[in-house]
Amino acid sequence: NLDLLTPQAADAFLRTLEEPPERVVFFLITQKPYNITPTIRSRTQRIWFSLKQSEIMEFLKFKGVNQEEEFIYKFFLGSLKSLTKLSDSQFLIKRKELFVDLPAAFNIISGENRSELKEEAFLVLSFLKDCLIYQAGLNEYIVNSDFEQLISICANKYSSNDLLNAANNILS
């Protein structure tokens, strides 16, 4: 993970990157490209790798998870690390509980233990984002497509400002 290099290690690697040994190709991997020093970033070419939808579904089948393909692929964007959350936790159950009773979800993630509820906050933020996307008429970009009816109700009930304020309250 290139983004974990200390500044001293990044400087040392930069010298190697600028004058590599003959016939050497580096594959630098990171999940946080914005944390890589600008000098290294400017000397590299960025290539995104993600799993195909069929590969994701094969992994889920292997793990014994049966879910709607479109939601899973959009939600995790082909990231196997993120996808592991789905098979190793009660992620989908928690997601459904939060979305079905949004007022309760807001109370939970706004309470005293909010720092311990990052996953719940992330899920509710994804729902709010989908409501805003619905309001913009860009339904093909809705991630939680299996909850589109609930998203539609929420998007029609609340203004964009209300949804953005709710998101800001979660983030603050």
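Residues numbered from 1 in each chain as written. Predicted model: local features only at pLDDT ≥ 70, side-chain atom pairs only at ≥ 80, totals over all residues. Heavy atoms only, no water.

Describing the confidence of the model for the chain
Any residue range with low pLDDT should be treated as having predicted coordinates unsuitable for detailed reading.
Link 1 in the chain: Here the chain shows a mean pLDDT of 80. Residues at 70 or above account for 81%.
Link 2 in the chain: Per-element averaging of pLDDT across the chain places helix α5 (residues 80-88) at the bottom with 64 and helix α9 (residues 148-157) at the top with 92. (pLDDT = per-residue confidence, 0-100. Helix = DSSP H or I, 4+ residues; strand = E, 2+ residues; numbered from the N terminus.)

What about the packing of aromatic side chains?
Link 1 in the chain: Under the defined criterion, the tally for this structure stands at three aromatic pairs.
Link 2 in the chain: The interplanar angle of 80° and the centroid separation of 5.4 Å between the aromatic rings of F13 and F26 together place this pair among those described as edge-to-face. One end of the pair, F13, is in helix α1 (residues 7-18); the other, F26, is in the loop between α1 and α2 (38-41), with 13 residues separating them in the sequence.
Link 3 in the chain: Residue classification places F13 among the buried residues on the basis of a relative accessible area of 17%.
Link 4 in the chain: Chaining the aromatic ring pairs together yields one cluster made of F99, F127 and F147. (Phe/Tyr/Trp six-rings, centres within 6.5 Å; stacked < 30°, edge-to-face > 60°. Buried < 20%, exposed > 50% of the residue type's maximum accessible area, 1.4 Å probe, protein only.)

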